[in-house]
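So the chains spell out like this:
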Amino acid sequence: MYHHTVARLTLRALLGRRRALFLLVLPALLIAIALAVRLVTGADDRAAGEILGGFALAVMVPLIGVIAGTGAIAPEIDDGSIVYLLAKPLKRHTIILTKLWVAIGVTLSFTVVPTLLAGFILNGNSQQIASAYALAAAVASVAYSAVFLLLGTVSRNAVVHGLIYALVWESLFGSLVPGARALSIQQWALALAERVAAPGANITSEVGLPAALILLTAATAAGTWYAARRLRALTLASEG
């Protein structure tokens, strides 16, 4: 279920100079915004909710998920180097699960810690806002990693499709069309944040907590299963 060499190679690819720069920009921007707002307004629960919800969870987490999830496998498929990995005596689901663990680890590292830190800077975790959004970032990171890893196995334009989902579907349609909000990883994660935060934090989700947990689990499991299936199909095509 986990292969050390595959994990090391995947991590090295994800943390290469170019991708590492992209991974660092958004967390650094979040911390900079939090510091600027705290200096100007002082501790402010409303500002904390708006920044953590409107930027950290709605923008930073899905974009980093796109970079880590697709980057864990898509470049190898695009340049054909995946055949060298598939030639090894490794089970295909082990390859996918290993890459998923790495993508999740990278996404969590670059989203949860900055979100929690920004929350403490903004309002010292008043109303449990920082903790709530950090938890939401964590569960969203897992689901995004699985979904975007799947995209990396089915499309040569995985990054583009990932950006369309993250920025167009979740951010644009999610803010304009009430029904679209319910089909959003962001909203499912917000259901957990709503449960953790104090009532006065004004964190709400379009989805109830039981449904959110089921949907998050289903998205993660289905994405992982189908990615492994696609990799097996790719193996057969290469061998044929």
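Position numbers for residues count from 1 along each chain, tracking the sequence in the order it is written. Confidence filtering applies because this is a predicted model: local features only for residues at pLDDT of at least 70, side-chain atom pairs given and counted only at 80 or more, and all residues used for totals across whole chains, interfaces and linings. Each side-chain value is derived from all of the structure's non-hydrogen atoms; neither hydrogens nor water enter the calculation.

### A look at the overall build of the protein chain
Quick reminder of the rule: In DSSP terms, a helix is any run of H or I states spanning at least four residues, a strand is any run of E spanning at least two, and both are numbered starting from the N terminus. Burial classes: relative accessible area under 20% of the type maximum marks a residue as buried, over 50% as exposed, and values in between as partly exposed (1.4 Å probe, protein chains only). Contact between two residues is taken to exist if any of their heavy atoms lie within 4.5 Å; hydrogens are not considered. What sets the accessible areas is the Shrake-Rupley method with a 1.4 Å probe; for residues, cover comes only from the shown protein chains.
Helices and strands together make up the secondary structure of the protein chain, namely eleven helices and zero strands. Listing every helix and strand of the protein chain by position from the N terminus yields α-α-α-α-α-α-α-α-α-α-α. Here the C-alpha coordinates of the protein chain stretch approximately 60 × 35 × 30 Å along the principal axes. Here the protein chain holds 240 residues, and 49% of them are scored as buried. Long-range pairs, those at least 24 residues apart, make up 77% of the contacts in the protein chain with a sequence separation of at least 6. Looking at the protein chain as shown, the accessible area adds up to about 11,400 Å², and 67% of this sits on carbon and sulfur atoms.

### Some thoughts on the packing of aromatic side chains
In this description, an aromatic ring pair is defined by two values, namely the gap between the centres and the angle between the planes. Let me state the cut-off plainly: Each pair of aromatic rings taken from Phe, Tyr and Trp, with Trp reduced to its six-membered ring, is defined by centres within 6.5 Å and is described as stacked if the planes are under 30 degrees apart, edge-to-face if over 60, and tilted in the remaining cases.
The final tally for this structure, using the stated rule, is three aromatic pairs. Note on Tyr144 and Phe148: the rings are 5.6 Å apart at their centroids and 0° apart in plane angle, and the pair reads as stacked. With a gap of four residues between them, Tyr144 and Phe148 both fall in helix H7 (residues 129-154), about one helical turn apart. The exposure class of Tyr144 is buried, given its relative accessible area of 0%. Taking 6.1 Å as the distance between ring centres and 40° as the angle between the ring planes, the aromatic pair formed by Trp225 and Tyr226 counts as tilted.

### Observations regarding the pattern of salt bridges
This is how it is decided: Any Lys or Arg side-chain nitrogen located within 4 Å of an Asp or Glu carboxyl oxygen qualifies as a salt bridge.
Per the counting criterion, the structure on display carries three salt bridges. Between Arg156 and Asp78 there is a salt bridge, with its nearest N and O atoms 3.7 Å apart. Separated by 78 residues along the polypeptide, Arg156 in the loop between H7 and helix H8 (158-176) and Asp78 in helix H4 (residues 74-79) bring together distant segments of the chain. According to the relative accessible area criterion, Asp78 is partly exposed, its value standing at 38%.

### With respect to the environment of Leu35
Take Leu35: it is sitting in helix H2 (residues 17-41). Given the relative accessible area of 41%, Leu35 is considered partly exposed.

### Brief notes about the side chain of Asn123
With respect to the helices, strands and loops of the structure, Asn123 is situated in helix H6 (residues 92-123). Beyond its immediate chain neighbours, meaning those up to four positions away, Asn123 contacts Arg38, Ala43, Asp44, Asp45, Ala48 and Ile129.

### Points about the environment of Trp188
Mapped onto the fold, Trp188 is located in helix H10 (residues 185-196). For Trp188, a relative accessible area of 9% puts it in the buried group. In this structure the C-alpha to C-alpha distance between Trp188 and Trp169, which are 19 residues apart in sequence, comes to 14 Å. Beyond its immediate chain neighbours, meaning those up to four positions away, Trp188 contacts Ala182, Leu183, Val207, Ala212, Leu215, Leu216 and Ala219.

### Brief notes about the UniProt feature "transmembrane region" (unreviewed entry) in the protein chain
Heads up, the rule is: UniProt positions are given in the numbering used here, feature names are shortened, and annotations may be inferred rather than shown by experiment.
UniProt feature "transmembrane region" (unreviewed entry): in the numbering of this structure it lies at residues 20-39, 51-74, 95-122, 128-151, 163-189 and 209-228. Taken end to end, residues 51-74 is 92% helix and 0% strand, and its two terminal C-alpha atoms sit 31 Å from one another. Structurally, residues 95-122 is divided into 100% helix and 0% strand, and its ends, taken at the C-alpha atoms, are 40 Å apart.

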